[in-house]
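Remarks on the overall topology
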Amino acid sequence: MRHLHAALVRRLHAALVRRQHAALVLVVGDDRVREVSRFEPGQGALQALLALAVKGGGDTDFTPLLEEADRHRPDLTVLLTDLQGPAHHRPQGGVLWAVPPAFAHAVAPFGRKLVLR
């Protein structure tokens, strides 16, 4: 388990704070949805993201995660991932796949890819 890169989390949080009335829905999972948390502006999203421990290693099925995210009708879905797994659902809004440099060569199934530096 490792914690998300603090600089990335702070940038994501700053982007949310700049938008008035922007909420964050955090969907955590691998082959299925493990946890869903909703944070309204000012309700501790930064602390929750900084404390989030993620387990990598592939074998992710993005389909149930994307379906759950889509239920919340987001303007943008951001996935922090290594892109190792299928994605058989394309959400209605935009999709951004944020990947570590080691997976810069991986191909996103749709949406845009952002390599984290």
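Overview of the structure. Numbers given to residues run from 1 along each chain, matching the order in which its sequence is written. For this predicted model, a pLDDT threshold of at least 70 governs which residues receive local features, and a threshold of 80 or more governs which side-chain atom pairs are given and counted, while totals over whole chains, interfaces and linings are taken from all residues. Remark: hydrogens and water are excluded; side-chain values derive from all non-hydrogen atoms of the structure.

1. Looking at the overall build of the protein
The helix and strand tally for the protein stands at three helices and seven strands. The order of helices and strands in the protein, counted from the N terminus, is β-α-β-β-α-β-α-β-β-β. Accessibility here uses a 1.4 Å probe with only protein chains present; expressed as a share of the type maximum, an area under 20% marks a residue as buried, one over 50% as exposed, and anything in between as partly exposed. Going through the 117 residues of the protein one by one, you find that 32% of them count as buried. Only carbon and sulfur atoms are counted for the fraction: they give 52% of the accessible area of the protein, which is about 7,500 Å². Numbering of helices and strands runs from the N terminus; a helix is a DSSP stretch of H or I covering at least four residues, while a strand is a stretch of E covering at least two. Each accessible area is a Shrake-Rupley result for a 1.4 Å probe, and residues are judged covered by the shown protein chains and nothing else.

2. Comments concerning the packing of aromatic side chains
Here a pair means two rings of Phe, Tyr or Trp (six-membered ring of Trp) with centres within 6.5 Å. Their orientation is stacked below 30 degrees between planes, edge-to-face above 60, and tilted elsewhere. Scanning the model with the defined rule gives two aromatic pairs in all. Arranged with centres 5.2 Å apart and planes meeting at 85°, the rings of F62 and W97 form a pair that is edge-to-face. One end of the pair, F62, is in helix 3 (residues 62-71); the other, W97, is in strand 6 (residues 94-99), and 35 residues separate them in sequence. Owing to a relative accessible area of 3%, F62 belongs among the buried residues under this scheme. Ring geometry for W97 against F110: centres 5.6 Å apart, planes inclined by 65°, an arrangement best described as edge-to-face.

3. Comments concerning the pattern of salt bridges
We define a salt bridge as a side-chain nitrogen of Lys or Arg found within 4 Å of a carboxyl oxygen belonging to Asp or Glu. All told, the structure shown has three salt bridges when counted by the stated rule. A salt bridge links D30 to R34, with the shortest nitrogen-to-oxygen separation between them at 2.9 Å. Since its relative accessible area comes to 43%, R34 is described here as partly exposed. One continuous salt-bridge network, built from bridges that share partners, spans D30, D31 and R34.

4. Section: the sheet that holds strand 7 (residues 112-115)
We call two strands paired when DSSP finds no fewer than two bridges between them. The parallel open sheet is built from three strands, whose spatial order is 5-6-7. Each end of this open sheet is capped by a strand with a single partner; those strands are strand 5 (76-80) and strand 7. Pairs of neighbouring strands in the sheet enclose a mean axial angle of 25°, with direction left out of account. Against the sheet, helix 3 engages strand 5 and strand 6, with an angle of about 150° to strand 5. Axis angles are defined between N-to-C directions and span 0 to 180 degrees, where every axis is a line fitted to C-alpha atoms and, for a helix, only to the segment in contact. When checking whether two residues touch, look at their non-hydrogen atoms; a contact exists if any pair is within 4.5 Å.

5. Considering the side chain of D82
Structurally, the position occupied by D82 is in the loop between strand 5 and strand 6. What qualifies as a polar contact is a pair of N or O atoms within 3.5 Å, subject to a donor-acceptor requirement within protein and to the restriction that residues adjacent in sequence count only when both atoms come from side chains. For D82, the side chain forms a polar contact with the main-chain nitrogen of Q84, separated by 3.0 Å.

6. Observations concerning helix 3
Buried residues dominate helix 3, accounting for eight of its 10 residues. At its buried positions, helix 3 is contacted by strand 2 (24-29), strand 3 (33-39), strand 5 and strand 6. With a side-chain oxygen lying 3.0 Å from the backbone nitrogen of T63, the N-terminal cap of helix 3 falls on D61. Positioned one or two residues after helix 3, R73 has a phi angle of 50°, which is positive.

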